[in-house]
Amino acid sequence: MKALKGIGSLALTIVASIVLIVLGIVYFMATVWIIKIGAQWAGFTNIEGNMVVLGACIVTAAAMIGSSIQQG
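Below is a summary of the structure that appears in this document. (Residues numbered from 1 in each chain as written. Predicted model: local features only at pLDDT ≥ 70, side-chain atom pairs only at ≥ 80, totals over all residues. Heavy atoms only, no water.)

Things to note about the overall build of the chain
What counts here: Here a helix means four or more residues in a row that DSSP labels H or I, a strand means two or more in a row labelled E, and each is numbered from the N terminus. Accessibility here uses a 1.4 Å probe with only protein chains present; expressed as a share of the type maximum, an area under 20% marks a residue as buried, one over 50% as exposed, and anything in between as partly exposed.
Each helix and strand counted, the chain has 2 helices and 0 strands in total. Evaluated residue by residue, the chain yields a buried proportion of 10% over its 72 residues.

Structure follows, in structure tokens:
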């Protein structure tokens with residue numbers, strides 16, 4: 001019984017990790033799009049891709065760290 005419970009916990013951990021990775025990728029892609037649109041609206045028509053990716057990385061990392069902090 002303990003072995004089955006351990007395997008179930010391991011499977012749940014793997015599934016949760018995969019879901020977190022997929023959601024992180026989707027959130028990163030959405031953030032890149034939002035930053036590009038926002039830069040265009042602000043008048044920056046010729047921005048480099050590395051600045052967009054850097055901004056998206058910072059926003060995504062801050063959101064993931066902020067969501068992992070629990071109050072209690």
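The structure having been displayed, the exposition proceeds.
What about helix 2 (residues 49-68)?
Residues that lie three or four places apart on an α-helix share one face, since the helix turns once every 3.6 residues. Quick reminder of the rule: Working rule for helices: expected span equals 1.5 Å times residues minus one. The reported arc concerns the directions from the helix axis to the C-beta atoms and nothing else. By the convention used here, residues are in contact when the closest approach between their heavy atoms is within 4.5 Å.
In this model, helix 2 (20 residues) spans 28 Å end to end at C-alpha, consistent with the 28 Å of a helix rising 1.5 Å per residue. Regarding helix 2, the residues found buried are Val52, Ala56 and Thr60. Looking straight down helix 2, one finds that the buried residues subtend no more than 55° of arc, so they occupy a single side. Turned more than 90 degrees away from the buried face of helix 2 sit Met51, Ile58 and Ile65, all of them exposed. Packed against the buried residues of helix 2 are helix 1 (2-41).

Quick word on the packing of helix 1 against helix 2
Worth spelling out the cut-off: With axes taken as lines fitted to C-alpha atoms, and helix axes fitted only over the stretch in contact, angles between N-to-C directions fall between 0 and 180 degrees. Relative orientations are named as follows: roughly parallel for angles under 35 degrees, roughly antiparallel for angles over 145 degrees, roughly perpendicular for angles from 65 to 115 degrees, and oblique for any other angle. Helix crossings fall into two classes, left-handed where the near helix is turned counterclockwise from the far one by less than a right angle and right-handed where it is turned clockwise. Three categories are distinguished: nonpolar for Ala, Val, Leu, Ile, Met, Phe, Trp, Tyr, Cys and Pro, charged for Asp, Glu, Lys and Arg, and polar for the others, with Gly belonging to the last.
Between helix 1 and helix 2, the least distance of the axes is 9 Å, while the angle of their chain directions is 135°. Judged by the inter-axis angle, helix 1 sits oblique to helix 2. Where helix 1 crosses over helix 2, the handedness of that crossing is right-handed. Every residue of helix 2 that contacts helix 1 at Leu20, Gly24, Tyr27, Phe28, Thr31, Val32, Ile35 and Lys36 is listed here: Val52, Val53, Gly55, Ala56, Cys57, Val59, Thr60, Ala63 and Met64. Here the contact of helix 1 with helix 2 is built from residues that sort into 12 nonpolar, 4 polar and 1 charged.

Concerning helix 1
Taking 1.5 Å per residue as the helical rise, helix 1 with its 40 residues ought to reach 58 Å, and the 58 Å between its terminal C-alpha atoms agrees with that figure. Every buried residue of helix 1 is listed here: Gly24, Thr31, Val32 and Ala39. Two residues or fewer past helix 1, Gly43 is found with a positive phi of approximately 100°.

A word on the environment of Met64
Looking at the secondary structure, you find Met64 in helix 2. Taking the relative accessible area as the measure of exposure, Met64 reaches 35% and is therefore partly exposed. As for Met64 and Ser9, which are separated by 55 residues in sequence, their C-alpha atoms are 23 Å apart.

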